[in-house]
Number of protein chains: 2
Amino acid sequence: MNSIQLVPPGGVQEHRPWPHELLSGVWSEQLEHLTKGRGYRLIAERRFASLVGADAFLIDGGEQVKTVAQLEALVAQLIESGLTRDHVVVGLGGGAATDLIGFAAATVFRGVDWVAVPTTVLAAVDASIGGKTAVNLALGKNLLGAFHQPLGVIVDRKFWDSLPPLEWRSGAVEIFKSGLLRPELMSALMACETAQDASEHAVAAAQLKLDVVSADPQEKGLRAALNLGHTLGHALESQGAGRLRHGEAVAIGLSAVLRIGHPQADELIERLNRWGLPTRVPEWADFEGLVHLMRRDKKSNAQGLRVVLPQASSSCVLVEGFEPERLLA
Amino acid sequence: MNSIQLVPPGGVQEHRPWPHELLSGVWSEQLEHLTKGRGYRLIAERRFASLVGADAFLIDGGEQVKTVAQLEALVAQLIESGLTRDHVVVGLGGGAATDLIGFAAATVFRGVDWVAVPTTVLAAVDASIGGKTAVNLALGKNLLGAFHQPLGVIVDRKFWDSLPPLEWRSGAVEIFKSGLLRPELMSALMACETAQDASEHAVAAAQLKLDVVSADPQEKGLRAALNLGHTLGHALESQGAGRLRHGEAVAIGLSAVLRIGHPQADELIERLNRWGLPTRVPEWADFEGLVHLMRRDKKSNAQGLRVVLPQASSSCVLVEGFEPERLLA
């Protein structure tokens with residue numbers, strides 16, 4: 001088992017040019033700023049039909065939209081509408097919708113520019129930042145995709161008004177993950193009584209992700225830190241087949257890596273509980289199946305898993321050759 | 001109608017680092033050199049089954065393999081075989097096979113490294129060089145794809161031994177296209193009596209393409225020069241639905257742009273005829289349909305086509321707002 005230090009105790013110090021802009025405010029105004037008069041095609045989740053105008057293409061939201069068939073249909077629709085390489089594709093929706101739309105933009109005509117307008121806390125702090133786009137295969141999540149940096153990400157908090165409690169909790173988990181990499185953020189989060197309170201720190205979390213991503217756009221090293229809690233999280237989400245949302249599964253995954261020797265594990269995990277998040281592997285889980293799923297994760301190899309472990313003082317280490325069973329102890 | 005000079009009379013002078021290696025020789029030895037002990041998965045066209053060993057995945061060749069369904073099946077097979085991000089995907093076959101395999105490599109786990117082993121003259125001088133990968137949609141060719149540079153391209157001429165005459169001709173067309181951009185190459189080609197003779201200059205043609213591609217990997221400007229003859233060519237190939245091979249369609253497309261004012265048009269077109277290639281739009285073609293297809297080409301926009309025209313002395317110009325009808329005059 002080898003390990004390398006990923007994030008030094010002081011956090012990410014290096015500031016390279018950001019791979020894309022992070023804007024907040026009225027989305028339609030910011031979109032004009034980003035597209036600078038170029039034509040665009042707006043693709044939006046159906047539930048926002050009344051907010052986006054009659055020209056928008058509407059798609060379903062949620063993980064079930066991320067299929068190869070939906071990709072093919074969306075790309076055909078874009079081409080039929082007269083899309084050219086000079087157009088910008090705009091994706092407005094939650095993380096699943098922007099994953100699909102971003103992948104369509106990455107592959108139509110071998111790639112056109114795009115802009116993400118995330119409509120959930122989770123998408124604003126995680127899915128839309130950093131250019132990861134993908135659809136799912138029967139074998140697992142996000143197995144077919146591309147790194148395709150958007151021109152920019154526009155966060156308009158008016159879309160959050162109607163979010164159900166579960167969505168606030170899902171977003172809070174990713175903000176919490178960022179806190180494990182940035183001490184001042186975690187200090188602030190430890191004072192938040194609810195997941196909705198934590199969402200006030202969404203921009204700080206998105207900024208941390210952009211810092212990491214701009215230092216490592218292709219996920220060659222540093223960016224692995226953002227995978228904190230996701231190895232077990234993805235396996236649980238997959239096995240749960242709808243019983244756990246992404247954020248809940250990652251909360252359990254984060255708790256699992258914290259329990260592997262983090263000195264403030266109890267206090268940190270308690271905060272997730274207070275926000276209403278699960279922190280233990282559910283009763284229904286099949287341990288053998290989870291191990292199998294984790295071994296098939298794209299971060300695994302023949303020698304075992306590649307897992308990120310959080311350390312005291314907000315550093316973290318990347319551990320190679322990790323036995324997946326240890327995450328279930 | 002605006003035009004900009006693409007390639008100056010002296011040819012491409014700028015030499016940036018090549019985006020990938022171009023190797024010739026025994027493919028299996030060169031593959032060891034490129035992969036440097038990393039594990040790899042070999043995907044080969046079925047007709048080479050006896051040459052590639054029992055571990056290879058076999059796929060069909062030809063344009064009909066470039067479908068979204070084949071992509072999904074191939075990626076699933078790679079993942080089921082235990083592929084990790086550290087592996088290299090190796091694609092051995094003609095241009096259609098390497099287009100599909102390269103796109104699978106570009107999208108599985110959001111991109112893994114790959115190596116192309118082109119087995120036709122056409123693939124060696126064109127399809128495998130420069131990182132273009134794609135599958136087709138019902139709406140047209142190569143509409144879904146990615147730019148994904150291979151680690152290297154390995155040309156092993158032993159695969160050419162069994163090529164039918166049509167394949168030699170197809171390869172010769174792309175070598176001829178390169179000749180329109182490099183005077184010394186065209187001088188040599190004008191002395192070639194047959195398409196097979198022209199294939200002796202395949203490496204020079206591949207090198208020209210690499211020079212252009214390395215100066216413009218994302219096809220933002222200069223690389224458009226490589227599109228010489230392809231606007232009409234693609235439309236003819238699509239409308240022909242099998243009646244014309246890619247090389248034949250491009251030969252007609254090249255003849256069409258030469259006829260638009262090139263001083264040596266007659267002499268150059270005559271050379272294509274001598275090699276057994278068609279140089280006139282066939283009787284069966286539907287002009288209105290061709291215009292419609294050209295307008296839908298990814299290089300077109302509302303103002304007309306973006307077409308590359310060859311000039312005397314091996315320069316060429318990119319013309320914007322071109323009326324597609326002029327290619328059919």
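Caption draft 1: A look at the overall build of chain A. Counting secondary structure elements, chain A contains 13 helices and 11 strands. In terms of C-alpha radius of gyration, chain A reaches 19 Å, essentially the compact-globule figure of 20 Å for 329 residues. Taken along its principal axes, the extent of the C-alpha atoms in chain A is 55 × 40 × 35 Å. Across the 329 residues in chain A, those meeting the buried criterion constitute 53%. Taking as baseline every contact in chain A between residues at least 6 positions apart, the subset at least 24 positions apart corresponds to 72%.

Caption draft 2: View of the interface of chain B and chain A. At the junction of the two partners, chain B supplies 26 residues and chain A supplies 26 residues. Broken down by secondary-structure element, the contributors of at least two residues to the side of chain B that touches chain A are helix H3 (68-80), helix H4 (95-107), strand E7 (132-137) and strand E8 (140-147) of chain B. Classifying every residue of the side of chain B that touches chain A gives 14 nonpolar, 6 polar and 6 charged.

Caption draft 3: Broad picture of the pairing of strand E6 (residues 113-118) of chain B. Residue and element names in this part refer to chain B. The element E6 is largely enclosed, with a buried count of 6 among its 6 residues. Residues Asp113, Val115 and Val117 point to one face of E6 and Trp114, Ala116 and Pro118 to the other, with burial holding for every one of them. Sheet topology note: the strand E5 (residues 88-93)/E6 ladder contains 6 bridges and is parallel. Residue pairing for E6: leucine 92 is matched across the bridge by valine 117. On the question of chirality, the crossover connecting E5 to the parallel E6 by way of H4 is right-handed. Bridging between E6 and strand E9 (residues 152-155) involves 2 bridges; their strand directions are parallel. The residue bridging valine 115 from the neighbouring strand is glycine 152, located in E9.

Caption draft 4: Representation of the domain arrangement of chain A. Residues and elements named next belong to chain A. Domain annotation of chain A identifies domain 1 (3-16 + 162-328) and domain 2 (26-155). For domain 1 and domain 2, the distance between their C-alpha centroids amounts to 25 Å. The partner domain 2 presents 13 residues to the 20 residues of domain 1 that form the contact. Mapped onto the side of domain 1 that touches domain 2, the elements with two or more residues apiece are helix H6 (165-179), helix H9 (202-215) and helix H10 (230-240).

Caption draft 5: Structural context of the sheet that holds strand E9 (residues 152-155) of chain A. All names here are of chain A. With parallel pairing, 6 strands are arranged side by side in an open sheet as E2-E9-E6-E5-E3-E4. The strands lining the two open edges of the sheet, one partner per strand, are strand E2 (21-24) and strand E4 (57-59). Taken over all neighbouring pairs, the strand axes of this sheet differ in orientation by 20 degrees on average, direction set aside.

Caption draft 6: Fine view of the environment of His234(A). Residue and element names in this part refer to chain A. Structurally, histidine 234 can be placed in helix H10. A C-alpha to C-alpha distance of 10.0 Å links histidine 234 and glycine 247, two positions 13 residues apart in sequence. Those residues in contact with histidine 234 that lie beyond four places of it in its chain are Lys141 and Asp297.

Caption draft 7: Molecular detail of the packing of H3(B) against H4(B). Residue and element names in this part refer to chain B. Running from amino to carboxyl end, H3 crosses H4 at an angle of 60 degrees, the nearest separation of the two axes being 10 Å. Judged on the interaxial angle alone, H4 and H3 are oblique. Here H3 and H4 pass one another in a crossing that is right-handed. Taken together, the residues of H4 that come into contact with H3 (itself represented by Gln70, Leu71, Leu74, Val75 and Leu78) are Leu100, Phe103, Ala104 and Thr107. For the contact of H3 with H4, a count of residues per class yields 7 nonpolar, 2 polar and no charged.

Caption draft 8: Inspection of the relation of the copies chain B and chain A at higher detail. In the superposition of chain B on chain A (RMSD 0.0 Å, axial shift 0.0 Å), the rotation amounts to 180 degrees. Taken together, these values place the two copies in the relation of a two-fold axis. Relative to the rotation axis, the closest C-alpha in chain B is found at Val68(B), a distance of 3.9 Å.

Caption draft 9: Highlighting the environment of Val68(B). Residue position: Val68(B) is located in helix H3. Classification of Val68(B) by C-beta neighbours within 10 Å gives partly exposed; the count is 18. C-alpha of Val68(B) to C-alpha of Leu137(B): the two residues are 69 residues apart in sequence and 7.6 Å apart in space. Leave out the neighbours within four places in its chain, and Val68(B) touches Val68(A), Glu72(A), Val135(B) and Leu144(B).

Caption draft 10: Local environment of helix H11 (residues 246-259) of chain A. All names here are of chain A. Over its 14 residues, H11 runs 20 Å from end to end, which matches the ideal 20 Å to within 8%, given 1.5 Å per residue. Burial analysis of H11 places 13 of its 14 residues in the buried class, the great majority of the element. Directly beyond the C-terminal end of H11, a positive phi value near 90 degrees is found at glycine 261.

Caption draft 11: How the structure looks around the sheet that holds E9(B). Residues and elements named next belong to chain B. Ordered by their spatial adjacency, 6 strands build an open sheet running E2-E9-E6-E5-E3-E4, and the pairing between neighbours is parallel. With one partner strand each, in any of the chains shown, strand E2 (21-24) and strand E4 (57-59) form the two edges of the open sheet. For this sheet, the mean inter-axis angle between neighbouring strands, taken without regard to orientation, is 20 degrees. Sheet contacts for H4: strand E3 (40-45), E4, E5 and E6; angle to E5, the most-contacted strand, approximately 170 degrees.

Cut-off values and rules
- Residues numbered from 1 in each chain as written.
- Chains lettered and ligands numbered in written order.
- Predicted model: local features only at pLDDT ≥ 70, side-chain atom pairs only at ≥ 80, totals over all residues.
- Helix = DSSP H or I, 4+ residues; strand = E, 2+ residues; numbered from the N terminus.
- Rg over C-alpha atoms; globule rule 2.2 N^0.38 Å.
- Buried ≥ 20, exposed ≤ 12 C-beta atoms within 10 Å, placed from the backbone.
- Contact = placed C-beta atoms within 7 Å.
- Nonpolar A, V, L, I, M, F, W, Y, C, P; charged D, E, K, R; others polar.
- Pairing = 2+ DSSP bridges.
- Right-handed = clockwise from strand over helix to strand, strands pointing away.
- Domains from an automatic or database assignment.
- Axes fitted to C-alpha atoms, helices over the stretch in contact; angles between N-to-C directions.
- Parallel < 35°, antiparallel > 145°, perpendicular 65-115°, else oblique.
- Left-handed = near helix turned anticlockwise from the far one by under 90°.
- Least-squares fit on C-alpha atoms with pLDDT ≥ 70 in both.
- Expected span 1.5 Å × (residues − 1).

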